[in-house]
There are 4 protein chains.
Amino acid sequence: MIVVMKPGADKDHVDHVVKLVREFGLRDHVIYGTDRTVVACIGDKRSVDKGAIENAPMVERIVPILSPYKMASTEVKRERTQVEIGPLQFALGGEKVGIIAGPCAVESREQLLRIADAVKAAGCVGLRGGAFKPRTSPYSFQGMREEGLKLLAEARDRTGLAVVTEVTGLETIDAVVEYADVLQVGARNMQHYPLLESLGKVGKPVMLKRGMSAKLDEWLLAAEYIIDAGNPRVILCERGIRTYEEYVRFTLPLTVVPELRERTHLPVVVDPSHGTGHAHLVPAMSRAAVAAGADGLLIEAHPDPEHAASDGAQSIDPKSLGELVKSLRKVAQAVGREL
Amino acid sequence: MIVVMKPGADKDHVDHVVKLVREFGLRDHVIYGTDRTVVACIGDKRSVDKGAIENAPMVERIVPILSPYKMASTEVKRERTQVEIGPLQFALGGEKVGIIAGPCAVESREQLLRIADAVKAAGCVGLRGGAFKPRTSPYSFQGMREEGLKLLAEARDRTGLAVVTEVTGLETIDAVVEYADVLQVGARNMQHYPLLESLGKVGKPVMLKRGMSAKLDEWLLAAEYIIDAGNPRVILCERGIRTYEEYVRFTLPLTVVPELRERTHLPVVVDPSHGTGHAHLVPAMSRAAVAAGADGLLIEAHPDPEHAASDGAQSIDPKSLGELVKSLRKVAQAVGREL
Amino acid sequence: MIVVMKPGADKDHVDHVVKLVREFGLRDHVIYGTDRTVVACIGDKRSVDKGAIENAPMVERIVPILSPYKMASTEVKRERTQVEIGPLQFALGGEKVGIIAGPCAVESREQLLRIADAVKAAGCVGLRGGAFKPRTSPYSFQGMREEGLKLLAEARDRTGLAVVTEVTGLETIDAVVEYADVLQVGARNMQHYPLLESLGKVGKPVMLKRGMSAKLDEWLLAAEYIIDAGNPRVILCERGIRTYEEYVRFTLPLTVVPELRERTHLPVVVDPSHGTGHAHLVPAMSRAAVAAGADGLLIEAHPDPEHAASDGAQSIDPKSLGELVKSLRKVAQAVGREL
Amino acid sequence: MIVVMKPGADKDHVDHVVKLVREFGLRDHVIYGTDRTVVACIGDKRSVDKGAIENAPMVERIVPILSPYKMASTEVKRERTQVEIGPLQFALGGEKVGIIAGPCAVESREQLLRIADAVKAAGCVGLRGGAFKPRTSPYSFQGMREEGLKLLAEARDRTGLAVVTEVTGLETIDAVVEYADVLQVGARNMQHYPLLESLGKVGKPVMLKRGMSAKLDEWLLAAEYIIDAGNPRVILCERGIRTYEEYVRFTLPLTVVPELRERTHLPVVVDPSHGTGHAHLVPAMSRAAVAAGADGLLIEAHPDPEHAASDGAQSIDPKSLGELVKSLRKVAQAVGREL
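The shown structure was predicted, so the numbers you read here are calculated from the model rather than taken from an experiment.

Across its full length, chain A carries 10 helices and 14 strands. Viewed in the frame of its principal axes, chain A has a C-alpha envelope of about 75 × 45 × 40 Å. For chain A, the residues scored as buried account for 63% of the 339 residues in total. Across chain A, every contact between residues at least 6 apart in sequence was considered, and the portion connecting residues at least 24 apart equals 67%.

Below, the structure written as structure tokens:
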């Protein structure tokens with residue numbers, strides 16, 4: 001951590017900061033520059049609230065140096081984490097790129113089994129589908145709940161696909177753990193810490209979606225909550241961020257894929273459906289995500305998108321899914337991977 | 001809802017859309033323009049997933065017309081809602097502007113009582129203070145929890161201030177309801193729907209902070225969850241949004257204050273501390289918020305900001321708080337209100 | 001400037017950075033922390049491209065310490081700059097708050113004189129109005145050009161108001177300088193450097209609007225271009241930034257007002273018309289801007305907003321302007337200023 | 001265009017709007033819904049300022065239906081525009097993907113020829129390099145100007161590469177036209193309309209970079225200015241947008257690639273160097289851009305990035321460029337194109 005003093009700060013101001021720094025258990029190192037004085041603070045600063053020092057007289061700002069997460073970081077673990085999912089133990093984060101597809105919400109047995117068969121036939125490794133649905137409006141379809149979970153389990157038994165479904169709160173963890181292979185934390189819950197801590201005590205992989213305006217540090221700290229509580233099997237899922245762009249539901253910043261590869265050992269999956277909001281943009285962005293190095297994709301597919309109960313605009317149909325996976329296979333090979 | 005067809009859409013495409021519209025229980029009204037055909041859909045469309053229609057052939061986009069919320073809207077209730085808080089039943093949303101101040105976190109009995117006395121002396125009506133702290137990092141101070149709640153209650157008994165404190169999840173509602181006067185929902189929980197629904201069943205006012213990238217519709221729909229579940233005493237709190245600006249922790253968009261006055265009958269409070277992130281910006285933005293028509297302010301104040309366990313950078317000390325409230329009194333009068 | 005090395009950087013990597021730092025004419029100061037090594041660089045670094053060093057092996061990032069501007073900074077000049085405008089030499093940046101109002105575009109002699117009289121009667125000090133209009137679409141009204149300038153000059157002679165009008169490019173500077181009192185640089189030209197340099201050689205004040213996604217440093221560097229070229233009479237005008245918010249044309253971040261007061265000695269004016277995009281939001285945000293400490297306001301007013309050739313949605317009519325200025329007078333007094 | 005009335009609007013309000021609509025030369029079509037009345041306006045509305053109507057009593061908002069651009073639109077021209085560049089007449093927008101690479105700025109003859117040879121050897125089709133440099137700070141290196149142009153021409157003669165270089169204002173058009181093959185308009189000049197109009201009268205292709213917070217409509221309208229003034233050879237270049245993300249210089253939204261393919265017939269090029277700001281992210285994002293369907297790339301390459309006079313952090317060296325182009329060839333083939 002570096003404390004930057006304002007121009008005009010005198011020795012007393014600097015001494016005061018040095019005193020504060022030492023109170024926090026850090027060592028100080030004062031550098032007098034041409035125009036500014038800075039106080040470099042040495043030691044493990046993760047538990048210190050740096051803001052406190054910013055309030056001292058003549059302090060301009062605080063510059064953190066260390067990343068705030070540890071266990072999610074490549075500083076602590078260099079080799080990549082592979083998270084095995086589903087009955088076939090597909091390893092996300094390994095050589096192969098894994099495609100997970102399925103409807104936004106489980107709507108009926110017939111709908112789910114039809115799309116599950118198509119997902120399997122296309123060559124995917126996982127089936128997504130919401131049983132508990134966190135909806136922006138209290139008047140929207142809220143999901144089939146426990147019954148939806150049972151249908152997902154039936155689809156898994158039939159196809160061998162790994163079931164990925166959302167856990168919306170503490171009160172639904174037990175039910176979801178019983179039926180699902182991967183517990184998804186939605187973007188809106190990325191910083192719901194009681195949930196993260198509870199998922200740290202669960203023996204199944206967790207797919208942690210990025211909050212729609214989360215910074216990378218915040219996202220990795222959310223992963224850290226889960227790992228710190230005992231569950232190292234965390235998969236990160238980029239699903240688009242909120243920007244001024246209005247022709248998309250969210251802006252999909254694929255740069256996170258190579259950047260996270262530098263910062264963390266965790267597998268990174270991309271959701272081009274929420275990440276764009278429109279079915280016509282999904283194929284190109286799926287290909288781009290794989291070319292950027294993503295370990296997997298999470299795609300919304302529905303047997304009849306025009307009649308989907310939710311997210312119809314961004315769902316693709318079985319035929320499009322089949323063609324898309326075919327093209328993704330080529331892109332994966334072009335960047336030295338398989339699918 | 002208006003369905004805009006792509007250029008080149010022919011009668012079959014339009015007929016298909018009309019069929020879908022009718023399936024959704026809406027009446028249709030087709031308008032053939034010079035370059036485009038649009039299908040106006042008439043009826044209450046709040047429960048329909050409009051995305052589904054976007055996936056029909058030759059549909060360009062869907063334009064919603066109605067606001068998605070009802071009970072939070074001035075369309076349904078014109079007179080302003082006044083929410084009475086604390087032992088003195090101060091009415092937020094009424095003529096008077098109410099200032100709520102206090103530390104980010106309860107750290108000790110001595111810290112809390114010192115600041116509570118200062119908050120009271122300055123002329124504020126409420127005491128804020130976190131007992132359960134949702135922290136970005138698992139390594140940060142997580143709050144005094146139940147013991148913190150008891151200290152807050154003690155401070156209320158001593159000062160008459162209304163106690164505002166955060167409820168971080170379902171599992172802490174009971175404890176917080178027992179001790180607090182206003183249950184705060186933090187920005188990161190604005191869309192944690194299980195929590196919102198539970199707060200709808202609680203007999204105390206709820207202060208709902210705006211999510212850091214929430215749109216107004218999303219925020220008002222979150223309020224709608226609480227009202228719909230049975231609790232009409234919702235206070236909205238603007239606390240800054242995430243933008244590209246880097247000299248502030250968040251950008252504080254005061255335009256929400258007059259805009260919400262048009263859209264909703266609920267009281268609107270502004271948090272200039274999180275809304276800027278730096279103590280030196282708090283006084284000017286507090287004055288601006290009152291001038292813009294805010295019903296109240298939520299300000300972080302600490303007896304010794306340099307040693308605050310959290311949010312030290314944005315906390316002001318008791319002396320600054322006293323001077324600030326004095327100046328706010330003048331601004332309130334200038335815009336025809338009292339404080 | 002601080003160079004932060006990656007974890008694992010060894011002595012050779014650090015030595016290489018030190019060599020680069022010295023090549024750039026800076027002195028180095030290496031600090032070995034618990035987890036990281038940083039190289040503090042001492043000297044005036046404004047002309048060095050810090051990116052170059054980031055490309056050296058095992059460098060994580062570069063942290064600048066100094067602000068990149070000089071002459072616009074309070075580090076160089078502590079007393080506030082007052083810029084006198086118009087025939088009455090109103091001093092922007094002084095004790096009094098100055099209101100400048102008028103139409104988006106000059107449309108006709110009758111329109112301009114009507115609104116000019118209303119602006120004067122309301123108690124404003126300046127008249128805004130575009131003669132050359134930079135329009136997003138080539139099919140929109142492009143302004144009355146030179147004839148518009150003459151009408152503005154006539155309105156000034158009649159009312160004594162300072163004329164503020166936009167200069168859209170090098171080719172129109174001469175004409176605008178001849179007729180206007182303040183040369184406005186639009187948001188879209190904030191970084192058109194040939195224009196900024198030319199305005200540095202002109203003997204009239206320049207009002208520099210913030211680019212719609214400019215950072216404060218970029219804005220102040222644009223001012224620096226003008227000052228550096230010889231013209232110290234620069235007025236900064238905040239007009240809203242682009243964010244994800246969709247109910248406003250732009251988000252108006254009033255926090256710049258107190259922040260710029262710390263960083264620069266230049267006067268700061270706020271444009272609540274472009275800063276919101278909707279007439280119903282202008283009064284509240286005007287009051288908020290004055291309460292935040294703005295030195296002036298730039299408001300769009302039109303004798304008949306429903307028929308305005310441009311920006312009708314955000315223009316207020318003469319009656320609203322009169323009432324607004326009356327309320328602003330009270331707010332100004334509440335914060336210790338006059339109007 | 002649709003005019004949405006507020007709830008409670010009565011017949012007089014609607015009649016007033018209808019009168020305004022007719023004054024603007026449009027036909028009206030009133031639809032009375034369950035909760036709202038809307039007035040659909042029929043006719044070509046591109047020259048009408050829709051804001052004017054928003055100011056009428058009880059109007060809630062205006063919803064535009066038509067895209068505001070014409071000649072840039074696929075509505076007017078379905079077949080894709082191919083823009084031939086340089087001595088070898090490489091067709092951007094055709095089957096082949098074209099890579100343009102080179103330094104941010106021309107720094108010396110030796111620097112330029114070294115990198116030009118490397119760019120050619122790697123298999124690129126164009127050489128980028130700035131002679132006139134628009135720099136954020138007046139204290140930064142401003143380019144070699146006319147001498148730089150001559151060096152670029154020499155490099156073209158030597159290699160056959162198309163020269164792409166920036167024209168920073170009206171005053172430098174003549175010089176750049178004389179030496180360059182493609183005239184680049186920088187992001188900061190995207191809405192400098194005098195420049196766009198002048199480039200419409202020039203007989204050479206124009207590469208129009210997206211403004212750093214431009215919406216797609218604004219970008220295509222900027223292209224429309226050039227086409228409308230007589231020059232149809234416009235290439236669009238995405239270079240990243242400003243968002244809250246802080247680990248990149250800009251966020252690169254590749255979704256524009258498939259979206260523009262729907263909206264416009266113009267070729268689309270991606271700049272992964274400005275679009276990320278860091279050399280380590282350039283290869284992955286280059287591959288992603290090609291996979292998304294980009295017609296070309298614009299990459300910053302420097303013989304010695306550590307000593308680059310500008311943009312060193314985002315420049316890659318000749319060896320990396322060679323390897324990158326090799327991998328791009330595979331990705332292009334995977335998506336059915338060549339390089």
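Past the structure itself, the notes keep going.
Take the interface of chain B and chain D next. Taken together, the contact between chain B and chain D spans 22 residues of the former and 22 residues of the latter. Element by element, the count of residues in the side of chain B that touches chain D is highest for strand β3 (residues 37-42) of chain B, at three residues. A breakdown of the residues in the side of chain B that touches chain D according to their chemical character gives 11 nonpolar, five polar and six charged.

Residues and elements named next belong to chain C. Over its 14 residues, helix α3 (residues 109-122) extends 20 Å from the first C-alpha to the last, a length consistent with the 20 Å expected when each residue adds 1.5 Å. Where α3 is buried, its residues meet β7 (98-102), β8 (126-128), α4 (146-159) and α10 (318-334). In the segment just after α3, Gly123 is the residue with positive phi, at about 105°.

For any two helices packed against each other, one specifies the inter-axial angle together with the distance between the axes. Residues and elements named next belong to chain A. The contact between helix α3 (residues 109-122) and helix α4 (residues 146-159) brings their axes to 10 Å, and the two run at 35°. Where α3 crosses over α4, the two elements pack in a sense that is right-handed. Here Arg109, Leu112, Leu113, Ala116, Asp117 and Lys120 of α3 come into contact with α4, specifically with Leu151, Ala155, Arg158 and Thr159. Taken together, the residues that form the contact of α3 with α4 break down as five nonpolar, one polar and four charged.

Attention shifts here to the relation of the copies chain B and chain D. For the pair of chain copies, the relating transformation is a rotation about an axis with a translation along it. Superposing chain B onto chain D takes a rotation of 180° combined with a translation of 0.0 Å along the rotation axis, leaving an RMSD of 0.0 Å. Taken together, these values place the two copies in the relation of a two-fold axis. Relative to the rotation axis, the closest C-alpha in chain B is found at B:Tyr244, a distance of 2.0 Å. Residue by residue, 100% of the interface of chain B is reproduced at the interface of chain D, so both copies engage with the same surface.

Our next topic: helix α10 (residues 318-334) of chain B. Residues spaced three or four apart along an α-helix face the same direction, because each turn holds 3.6 residues. Between its first and last C-alpha atoms α10(B) spans 25 Å; for 17 residues at 1.5 Å apiece the expected length is 24 Å, and the two agree. Those residues of α10(B) that sit buried are B:Leu321, B:Leu324, B:Val325, B:Leu328, B:Val331, B:Ala332 and B:Ala334. The buried residues of α10(B) occupy an angular sector of 160° when projected down its axis, which confines them to one face. Facing away from the buried surface of α10(B) by more than 90 degrees, the exposed residues are B:Lys319 and B:Lys326. For α10(B), the elements touching its buried residues are β7 (98-102), α3 (109-122), α9 (282-292) and β14 (296-300) of chain B together with α9 (282-292) and α10 of chain C. One or two residues past the end of α10(B) sits B:Gly336, with phi positive at roughly 80°.

The next thing to look at is the sheet that holds strand β12 (residues 234-238) of chain B. All names here are of chain B. Strand order around the closed barrel formed by eight strands is β7-β8-β9-β10-β11-β12-β13-β14, with parallel pairing between neighbours. Within the sheet, the average angular offset between the axes of one strand and its neighbour, ignoring direction, is 25°. As judged from the two bridges shared by strand β13 (residues 268-270) and β14, these two strands associate in the parallel manner. Each residue of the ladder has a partner; that of Val270, found in β14, is Leu297.

Attention shifts here to the environment of D:Met5. All names here are of chain D. For Met5, the location among the structural elements is in strand β1 (residues 2-5). Under the C-beta neighbour-count criterion, Met5 is labelled buried, with 24 such atoms within 10 Å. Separated by 120 residues in the primary sequence, Met5 and Val125 place their C-alpha atoms 55 Å from one another. Setting aside its immediate chain neighbours within four residues, Met5 contacts His13, Val14, Arg36, Thr37, Val38, Met58, Val59 and Glu60.

A few words on the packing of α3(C) against α10(C). Residue and element names in this part refer to chain C. At a closest axis distance of 9 Å, the pairing of α3 and α10 adopts a crossing angle of 20°. Comparing the axis directions of α3 and α10 gives the class roughly parallel. With respect to the hand of their crossing, α3 and α10 are arranged in right-handed fashion. Contact residues: α3 offers Ile115, Ala118, Ala121 and Ala122, while α10 offers Pro318, Leu321, Gly322 and Val325. When its residues are assigned to classes, the contact of α3 with α10 shows seven nonpolar, one polar and no charged.

The subject of this paragraph is the domain arrangement of chain A. According to the domain assignment, chain A consists of domain 1 (2-63) and domain 2 (83-334). Relative placement of domain 1 of chain A and domain 2 of chain A: their C-alpha centres are 44 Å apart.

After a rotation of 180° and a shift along the axis of 0.0 Å, chain A superposes on chain B with an RMSD of 0.0 Å. By residue overlap, the copies meet face to face through one surface: 100% of the interface positions of chain A are interface positions in chain B.

Attention now moves to the interface of chain A and chain B. Facing the 46 residues of chain A at the interface are 47 residues of chain B. Counting only elements with at least two residues in the side of chain A that touches chain B, the list comes to α2 (51-54), α6 (193-199) and α7 (216-228) of chain A. Among the elements that make up the side of chain A that touches chain B, the one with the highest residue count is α7(A) (five residues). Among the residues making up the side of chain A that touches chain B, the classes are represented as 19 nonpolar, 16 polar and 11 charged.

Here we come to unusual backbone geometry. Backbone geometry at A:Met58 places phi at a positive 65°, although glycine is not the residue there. With respect to the helices and strands, the residue A:Met58 is situated in the loop between α2 and β4 (59-63). Backbone geometry places D:Gln89, a non-glycine residue, at a positive phi of 50°. Note that D:Gln89 resides in the loop between β5 (83-85) and β6 (90-92).

The subject of this paragraph is the sheet that holds strand β3 (residues 37-42) of chain A. Residue and element names in this part refer to chain A. Ordered by their spatial adjacency, four strands build an open sheet running β2-β3-β1-β4, and the pairing between neighbours is antiparallel. With partners counted over all chains shown, the strands left at the sheet margins are β2 (27-32) and β4, one partner each. If you compare each strand with its neighbour and ignore which way they point, the axes differ by 20° on average. Relative to β3, β2 runs antiparallel, the two sharing six bridges. Among the inter-strand pairings, Val30 is bridged to a residue of β3, identified as Val39. Relative to the sheet, helix α1 (residues 11-23) contacts β1 (2-5), β2, β3 and β4, its axis offset from that of β3 by approximately 10°.

Cut-offs and rules
- Residues numbered from 1 in each chain as written.
- Chains lettered and ligands numbered in written order.
- Predicted model: local features only at pLDDT ≥ 70, side-chain atom pairs only at ≥ 80, totals over all residues.
- Helix = DSSP H or I, 4+ residues; strand = E, 2+ residues; numbered from the N terminus.
- Buried ≥ 20, exposed ≤ 12 C-beta atoms within 10 Å, placed from the backbone.
- Contact = placed C-beta atoms within 7 Å.
- Nonpolar A, V, L, I, M, F, W, Y, C, P; charged D, E, K, R; others polar.
- Expected span 1.5 Å × (residues − 1).
- Axes fitted to C-alpha atoms, helices over the stretch in contact; angles between N-to-C directions.
- Left-handed = near helix turned anticlockwise from the far one by under 90°.
- Least-squares fit on C-alpha atoms with pLDDT ≥ 70 in both.
- Arc of directions from axis to C-beta.
- Pairing = 2+ DSSP bridges.
- Parallel < 35°, antiparallel > 145°, perpendicular 65-115°, else oblique.
- Domains from an automatic or database assignment.

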